[in-house]
Amino acid sequence: MRREQSTTVPRPRDTARSATAVAHPNIALIKYWGKRDERLILPWTDSLSMTLDVFPTTTRVRLDPDAAHDAVTLNGEPATGEAGRRITAFLELVRELSGLSQRAVVDTRNTVPTGAGLASSASGFAALAVAAAAAYGIDLDATALSRLARRGSGSASRSLFGGFAVWHAGPEGATDAEADLGSYAEPVPTADIDPALVIAVVNAGPKAVSSREAMRRTVDTSPLYRPWAASSKDDLVDMRAALGRGDLAAVGEIAERNALGMHATMLAARPAVRYLSSATVTVLDRVLQLRRDAVPAYATMDAGPNVKVLCHRADAERVADAVRDAVPDGTVLVAGPGRGAHLLDEGGR
Ligand code: DP6
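Residues numbered from 1 in each chain as written. Predicted model: local features only at pLDDT ≥ 70, side-chain atom pairs only at ≥ 80, totals over all residues. Heavy atoms only, no water.

Moving on, we get to the sheet that holds strand E8 (residues 77-78). Read from one edge of the open sheet, 6 strands run E8-E7-E9-E6-E1-E16, paired in mixed fashion. Unpaired on one side and paired on the other, E8 and strand E16 (342-344) mark the two borders of the sheet. Of the strand pairs in this sheet, strand E1 (residues 18-23) and E16 are connected by 3 bridges, and their pairing is antiparallel. Looking at E16, one finds that Val22 is bridged to His342. Strands in contact with helix H1 (residues 81-98) are strand E7 (71-74) and strand E9 (103-110); relative to E9, the strand with the most contacts, it is inclined by about 130 degrees. (Pairing = 2+ DSSP bridges. Helix = DSSP H or I, 4+ residues; strand = E, 2+ residues; numbered from the N terminus. Contact = heavy atoms within 4.5 Å. Axes fitted to C-alpha atoms, helices over the stretch in contact; angles between N-to-C directions.)

Here's what the structure looks like:
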């Protein structure tokens, strides 16, 4: 249907648009650790994760025709330093894609402790990608939104999707355009394993070394990096098969060895990066004890001391109690598989 021609030319302010999106963090069972291209955020290896149903990030992007700069707030406070710079760089990319030059007002509400190794950048850039693409009027499908979110933070590419998702590293030795096109996430077919992740927050403070810096140092200096990357490729094949046949014990075993291997690469970096604390090891011991007691429970850790324990939902309360008992000062909660990133309508649904 043709739209009526308006007699008045709308001023830019009348065309200002806004959109709000929500996204959840994801926890990798096969880790992303190491970039082969820092600018495009292309990883050395494929990774695979579960999107959670806790700790959503909600982000509103509004175009402001009168503004000379982007205005970004994180939990109501102006975004400063590295966080603000990364968000503004991301908005520049969205402006390039849209052909619009208008600056944006961005309001982000995170419910996950920022910088504690609980992937706030994954939910953050997934929500920002979806909201900014809509506000700037770029029509992208989920694959293209995943590629876009990747440019903000690699792990964000996976939070576009609910449940389990695999992020393809993309072709090596390709042109930038081909590599960019080939590196995106997509859902993984799984049999129902009724999974839960028991999250033990043993320290919610910001980390001493950012994951970005730690990854770079590991790739550049760790003699264990290449062997881990090679074995991670095998882990991914085994993981897909285990998910396909609904074998939670195999999924957990592969996830645990992949995560411990990733931390081994960091421990061998020069200088070493050590995110695991004594509380982490206490939780790992308790997870071993649960297995000795015939409860299938498997641990994974990211760029921080917190531990996520994969188990059946039916066992989640028992696992959570055991972990609480091990780290009485920590915070323990149970997460299940959550939805992918999506737009909210004006009513906030
Ligand atoms: C240990 O996605 O935060 O959580 O791409 O530099 O933003 P950047 O890194 P980020 O790294 C996540 C690393 C990890 C493992 C994972 O989520 O796969």
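Back to the text.
Bringing the layout of surface pockets into the picture now. Considered as a void within the structure, the second largest pocket measures approximately 320 Å³ in volume. As for the second largest pocket, its lining consists of 16 residues, and the residues nearest its centre are Arg39, Ile41, Ala89, Arg151 and Arg212. Of all the secondary structure elements, the ones that give two or more residues to the lining of the second largest pocket are H1, helix H3 (142-152) and helix H5 (211-221). Ranked by residues supplied to the lining of the second largest pocket, first place goes to H1 with 8 residues. For the lining of the second largest pocket, the residue count by class is 5 nonpolar, 1 polar and 10 charged. (1 Å grid on protein atoms, 1.4 Å probe; cavity = no way out; pocket = protein on both sides within 12 Å on 5 of 7 lines; lining within 4 Å. Points joined across faces, edges and corners; volume = space filled by probe spheres on them. Nonpolar A, V, L, I, M, F, W, Y, C, P; charged D, E, K, R; others polar.)

With that out of the way, let us pick up the site of the ligand. Lining the immediate environment of the ligand, one finds 17 residues, of which Tyr32, Lys35, Ser153, Gly154 and Ser155 sit closest. Separating an oxygen atom of the ligand from a backbone N or O atom of Gly154 is a distance of 2.7 Å. Protein burial of the ligand: of its 450 Å² of free accessible surface, 94% is covered by the chains. Per element, the largest residue contribution to the shell around the ligand is 3 residues, and it comes from H5. Here the residues of the shell around the ligand are counted per class, giving 6 nonpolar, 5 polar and 6 charged. Looking at which domains feed residues into the shell around the ligand, each of domain 1 (18-191) and domain 2 (195-335) supplies at least three. (Near = heavy atom within 4 Å. Polar contact = N/O pair within 3.5 Å; in protein donor to acceptor, adjacent residues only side chain to side chain. Areas by Shrake-Rupley, 256 points an atom, 1.4 Å probe, with all protein chains shown as cover. Domains from an automatic or database assignment.)

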